[in-house]
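# Residue-level structural notes
If you want the building blocks of each chain, they are given just below.
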Amino acid sequence: SSGINAEYGETLFTSTPFQVHYSVMASSEIEKKDDPKLKSILNSSFSNLKAIQDEVDIISTDFVIDGYPIRNVVIIQRLIRKFNQQKRFRDLVLSYPKVDASLSPRNRRKALQELYTSELTYTSALQTLETCYRVPMHKHSLAFPPNHYNFIFPVNSVLCIFSNLPALLQLSKKILNEVDNRIKHWVNSQMIGDVFVTVTPFLKIYAEYVNNFEKSMKTLRELLTNPKAVDFVRLLKIHSHCGLEIPDLLITPVQRLPRYELLLKELMRYTEPGHIDYDNLQEAIGSVQKMNRFINHHKRMTDGSIKMASIQRILKGFPDIIKTSRYYLHDGLLQEGDTIKENEGDFHLFLFYDILIATKEKKQFILV
């Protein structure tokens, strides 16, 4: 017997006095390609094996040329020809460009489906927050005057807690509908990045919600110190059939923009650079990242302004520190020893972008 191994398959020939056996194991890495040249090689390589057997059987086993049995000579000739054809087949397969398996249409469809599922869950959470919490609480706040024994929620408190939730819900529904339409008419050339390129300017409405979030949570905690409010919210949760508490629902919009960025990056990971949607996805990711930076910066500035206002209130007799070009950085205690008694002791330092303020507990201050 004799064997010949190739990179993309294995050909095994076994010789007996009466027959020749032939088997081929093709690699799973070889893709079927509609290529006339490849078909020609395959047909010439793996067909007409019966003819080999017939030709060998015709020759007498006793026939010898130069000391070599003719049967063995014929078999060796066939082996050499088949080896050359196998080599041509391997070289042709290797000449095709390698394709990254991760860029298959199936993976791209899976990433798009994940985006759709995430948006569906998010929209559902906003809808629960709107229908089962905001609307009933707002109606109740309008139903009774502050001096009524059934009064629970001040109107301003309800507005503060839910901020611009209705606008966020409307935007999320628009994105969900667009993504749903793309999935229903799915082809590999389908675009999705253009949806986010279009809606990115409207994502600025998240800045209002994010900046108000800490105040919203504080207002909710204050309301829930009232036993009547606790019972009312508990009933709303039961009717909502939602397993999440109201604080868990309120935080979902704060987490949404970073989530958009991750989902779009995952979709782009499975999109070929030459795909019609590739540039749209790049632009969409850049726009969402820019929006995230804008909202984070806006929040820092808002928090800094609130912090400066609180510091201003405790600095008795100090000039106005609030300016548009100034923002708060840090504050903390400093213990200082000095030969002058009034200059030693514990100082509280307030560091801003352009000044450092040192104060004592009795609200005396030294401007540095």
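Thresholds, definitions, all that
- Residues numbered from 1 in each chain as written.
- Predicted model: local features only at pLDDT ≥ 70, side-chain atom pairs only at ≥ 80, totals over all residues.
- Heavy atoms only, no water.
- Patch = residues over 30% accessible without salt bridge, like charges linked within 9 Å, V, L, I, M, F, W, Y side chains within 5 Å.
- Areas by Shrake-Rupley, 256 points an atom, 1.4 Å probe, with all protein chains shown as cover.
- Salt bridge = Lys/Arg side-chain N within 4 Å of Asp/Glu carboxyl O.
- Helix = DSSP H or I, 4+ residues; strand = E, 2+ residues; numbered from the N terminus.
- Phe/Tyr/Trp six-rings, centres within 6.5 Å; stacked < 30°, edge-to-face > 60°.
- Buried < 20%, exposed > 50% of the residue type's maximum accessible area, 1.4 Å probe, protein only.
- Lys NZ or Arg CZ within 6 Å of the ring centre and 35° of its normal.
- Expected span 1.5 Å × (residues − 1).
- Bend = angle between axes of the 7 residues up to and from the residue.
- Axes fitted to C-alpha atoms, helices over the stretch in contact; angles between N-to-C directions.
- Parallel < 35°, antiparallel > 145°, perpendicular 65-115°, else oblique.
- Contact = heavy atoms within 4.5 Å.
- Nonpolar A, V, L, I, M, F, W, Y, C, P; charged D, E, K, R; others polar.
- Core = buried A, V, L, I, M, F, W, Y, C linked by side-chain atoms within 4.5 Å.
- pLDDT = per-residue confidence, 0-100.

Once that is clear, we can look at a nonpolar patch on the surface. A contiguous nonpolar surface patch, about 300 Å² in accessible area, is contributed by Leu329, Leu351 and Tyr353. Turning to its location among the elements, leucine 329 is positioned in strand S6 (residues 328-336).

Applying the stated rule across the entire model yields two aromatic pairs. Geometrically, the ring pair formed by phenylalanine 196 and tyrosine 260 is edge-to-face, given 5.4 Å between the ring centres and 65° between the ring planes. In this pair, phenylalanine 196 is assigned in helix H7 (residues 193-199) and tyrosine 260 in helix H11 (residues 252-269), connecting sequence segments 64 residues apart. By relative accessible area, which is 1% here, tyrosine 260 ends up buried. Above the face of the phenylalanine 294 ring, lysine 204 is positioned so that its terminal group lies 5.6 Å from the ring centre.

A few words on helix H4 (residues 105-143). Counted at 1.5 Å a residue, the expected span for H4 with its 39 residues is 57 Å, and the 55 Å between its end C-alpha atoms agrees. Roughly 30° is the biggest bend found in H4, and it falls at glutamate 130.

Our focus in this paragraph is the packing of H4 against H11. In the contact formed by H4 and H11, the axes pass within 10 Å of each other and the chain directions differ by 170°. Considered as vectors, H4 and H11 are oriented roughly antiparallel to each other. Of H11, the residues touching H4 (which contributes Arg108, Ala111, Leu112, Glu114, Leu115, Ser118, Glu119, Tyr122 and Leu126) are Thr252, Pro253, Arg256, Arg259, Tyr260, Leu263, Leu264, Glu266 and Leu267. Across the contact of H4 with H11, the residue classes tally to ten nonpolar, two polar and six charged.

As a further point, take the pattern of salt bridges. In total, this model carries twelve salt bridges according to the counting rule given. The salt bridge partner of lysine 265 is glutamate 261, with a shortest N-O separation of 3.2 Å. With lysine 265 and glutamate 261 both in helix H11, this residue pair falls four residues apart, about one helical turn. Its relative accessible area of 16% is what places glutamate 261 among the buried residues. Residues joined by salt bridges that share partners form a network here, namely Lys87, Arg90 and Asp91.

Judged by nonpolar contacts, the single largest core of 60 residues is most densely connected at Tyr133, Phe153, Phe162, Phe196, Tyr206, Leu250 and Tyr260. Among the elements that take part in this core, H4 stands out by supplying eleven residues, more than any other. Here phenylalanine 153 is in contact with Met137, His140, Ser141, Val158, Leu223, Ala229, Phe232 and Val233, once residues within four sequence places are set aside. Counting ten residues, the second-largest nonpolar core is a separate cluster that includes Met308, Phe318, Ile355 and Ile357.

This part covers unusual backbone geometry. Peptide bonds are trans in most cases, and residues, glycine excluded, mostly fall at negative phi. One non-glycine residue, serine 163, lies in the positive phi region at around 50°. Looking at the element boundaries, serine 163 is found in the loop between helix H5 (155-162) and helix H6 (165-184). On the basis of relative accessible area, serine 163 is assigned to the partly exposed category, the value being 21%.

This brings us to the confidence of the model for the protein chain. Of the residues in the protein chain, 73% have a pLDDT of 70 or more, and the chain-wide mean is 78. For residues 1-33, every residue scores under 50 in pLDDT, and the model assigns this stretch 58 contacts once sequence neighbours within four places are set aside. Under a pLDDT of 50 for its full length, residues 363-368 has, in the predicted model, 15 contacts with residues more than four places off or in other chains.

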